[in-house]
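Observations on chain architecture
Each chain, letter by letter, is given below.
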Amino acid sequence: MLSRRDLLLLFGAMAANGMPFSWLFREAGAAPRDAKEHLAKLTGGAEQQKGGVTIILPAATDQARHVPVRISVASPMTENDYVKAIHVVAERNPTPAIASFHLGPANGKAEISTRIRLIKTQIVIAAAEMSDGSVRIGKARCKITGGAGACG
Amino acid sequence: MRNPIHVKVPRTAAKNEVVRLMTKLNHPMESGWRQRLDGQTVPKALAGRFVCLFNGREVFRADLDSGTASDPYLSFHVRVAESGEFRFVWTDEDGNSIEKIARIEMKEG
C-alpha cells in the first residue's frame, strides 16, 4: 500500500522529469509534441534559437478558416547571409504541417504573408533556416472564438 | 473555373528595388480533416506547390500543407534588377499546373 507521501514523491518525480500527464488526456489529433517532431524533421534536427522571427497573428478571431498571418525574419538577405526557408507549424491542428517557404538572396526582404486554418485556440510556430545552418524560431498565439473551427 | 489565379505585380520598379508580389488561387484546398455526415473522411486535395520564376529563374517557392486556408493567398518580396516577366505557377497533387505571367519594367533614369 502506498502512503500519501509516496504518491506525492512519485508525482513530484514525474513532474521533475518533464513527464507531463498528457498521456492521460490524449486527444485525437496533434499535440504540441507532434508539432515539435514535425519541425525537427523539417529542419534536420538543428538546434533552435529563439528570436529574430516575428510572427503576427490576430490575438482573437472568429474566422478560423482564414486566419491571416505575417512572418518576417531579421536578415539582410545578401549573398552571404540570407534566410533559406521558413517552416510554419500549428500545435493543435489535426495535422501540424501548415507550409514551408523557400527563399533566397533574390528576395531582398524575408517577409511573407498568407492565410491559415486553425481548428482551436493554439500556438503557431515559425522556424527560419538561415544560410549559416542555424535555425531561429518565433511563436504566436491566436484565440479562436465562436466555436466554429476550421474543420467545417 | 474562370480566372482561377490572381496576381498583383507593380508595373514599374526602380533598379534593385524590393517589390511586394501577391498571388491568390481559387481552390478548395481540402485538408483531409473534414468528415461527411456518414463518417467518411473527405479526401485530401491540395494545390500544394507554388513557384514564382523571374526571367526563368526560381525566386520563391512554397509547399503548402493542410494548415493552409482555402483559396490560398501568398505575399512575398523580390528584388528586381532588370525588366522581365514573373511566372506564377500553381501545381496540385496530381501534377496539374496552372500559371499566369506578369511583366515588370525598369523606371527610366
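Quick caveat: nothing in here was measured; it's all calculated off a predicted structure.

**A short note on the nonpolar core**
Counting 54 residues, the largest nonpolar core has Phe 101 of chain A together with Phe 60 and Phe 86 of chain B as the members making the most contacts within it. In contact with Phe 60 of chain B, not counting residues within four places along its chain, are Phe 101, His 102, Leu 103, Asn 107 and Ile 112 of chain A together with Phe 50, Val 51, Cys 52, Leu 74 and Phe 76 of chain B. One finds Ala 35, Val 89, Ile 125 and Ile 137 of chain A within the second-largest nonpolar core, a separate group that totals 7 residues.

**Quick look at the confidence of the model for chain A**
This prediction gives chain A a mean pLDDT of 84; 76% of its residues lie at or above 70. Of all helices and strands in chain A, the one with the weakest mean pLDDT is helix α1 (residues 4–16) of chain A (58), whereas strand β4 (residues 67–73) of chain A scores best (97).

**Things to note about the interface of chain B and chain A**
Listed by partner, the interface residues are 28 residues for chain B and 29 residues for chain A. Buried area between chain B and chain A, summed over both chains or domains, comes out near 2400 Å², and the portion from carbon and sulfur atoms is 47%. Between the two partners, chain B and chain A, sit 0 salt bridges. Only β3 (17–25), β5 (57–64) and β6 (73–80) of chain B provide two or more residues apiece to the side of chain B that touches chain A. No other element matches β6 of chain B, which puts 7 residues into the side of chain B that touches chain A. With 2 bridges connecting them, strand β7 (residues 111–116) of chain A and β6 of chain B associate as antiparallel partners. Bridge assignment links Thr 114 of chain A to a residue of β6 of chain B, and that residue is Leu 74 of chain B.

**Focus: the pattern of salt bridges**
Residue and element names in this part refer to chain B. Counting across every chain of the model gives 8 salt bridges over all chains. When the shortest N-O distance is used, the salt bridge between Glu 105 and Arg 103 registers 3.0 Å. A relative accessible area of 46% places Arg 103 in the partly exposed class. Look at the salt bridges and you will find they share partners, linking Arg 49, Glu 58, Arg 61 and Asp 63 into a network.

**Thoughts on the confidence of the model for chain B**
A low pLDDT score tells you not to read the predicted coordinates there in detail. Of the residues in chain B, 97% have a pLDDT of 70 or more, and the chain-wide mean is 93. The secondary-structure element of chain B with the lowest mean pLDDT is strand β8 (residues 97–106) of chain B, recorded at 95, while strand β4 (residues 49–54) of chain B shows the highest, at 97.

**Details of the packing of aromatic side chains**
All names here are of chain B. All chains considered together, the criterion is met by 8 aromatic pairs over all chains. When the ring of Phe 50 is compared with that of Trp 90, the centres are 4.8 Å apart and the planes differ by 45°; the resulting orientation is tilted. Of this pair, Phe 50 sits in strand β4 while Trp 90 sits in strand β7 (residues 84–91), placing them 40 residues apart in sequence. By relative accessible area, which is 1% here, Trp 90 ends up buried. Arranged with centres 4.2 Å apart and planes meeting at 5°, the rings of Phe 60 and Phe 76 form a pair that is stacked. Here Phe 60, found in strand β5, pairs with Phe 76, found in strand β6; they are 16 residues apart in sequence, far enough to count as distant. Residue classification places Phe 60 among the buried positions, given a relative accessible area of 0%.

**Structural notes on the side chain of Ser 66 of chain B**
Within the secondary structure layout, Ser 66 of chain B lies in the loop between β5 and β6. In this structure Ser 66 of chain B comes out as buried when scored by relative accessible area, which is 2%. Engagement of the side chain of Ser 66 of chain B in a polar contact is seen with the side chain of Asp 65 of chain B, the distance being 3.4 Å. In contact with Ser 66 of chain B, not counting residues within four places along its chain, are Thr 95, Ala 97 and Arg 117 of chain A together with Ser 31, Trp 33, Lys 44 and Leu 46 of chain B.

**Some words on the environment of Gly 133 of chain A**
Mapped onto the elements, Gly 133 of chain A comes out in the loop between β8 (122–130) and β9 (135–144). In sequence terms Gly 133 of chain A and Ala 46 of chain A are 87 residues apart; their C-alpha atoms lie 7.7 Å from each other.

Conventions and cut-offs
- Residues numbered from 1 in each chain as written.
- Chains lettered and ligands numbered in written order.
- Predicted model: local features only at pLDDT ≥ 70, side-chain atom pairs only at ≥ 80, totals over all residues.
- Heavy atoms only, no water.
- Core = buried A, V, L, I, M, F, W, Y, C linked by side-chain atoms within 4.5 Å.
- Buried < 20%, exposed > 50% of the residue type's maximum accessible area, 1.4 Å probe, protein only.
- Contact = heavy atoms within 4.5 Å.
- pLDDT = per-residue confidence, 0-100.
- Helix = DSSP H or I, 4+ residues; strand = E, 2+ residues; numbered from the N terminus.
- Buried area = accessible area lost by both parts, 1.4 Å probe.
- Salt bridge = Lys/Arg side-chain N within 4 Å of Asp/Glu carboxyl O.
- Pairing = 2+ DSSP bridges.
- Phe/Tyr/Trp six-rings, centres within 6.5 Å; stacked < 30°, edge-to-face > 60°.
- Polar contact = N/O pair within 3.5 Å; in protein donor to acceptor, adjacent residues only side chain to side chain.

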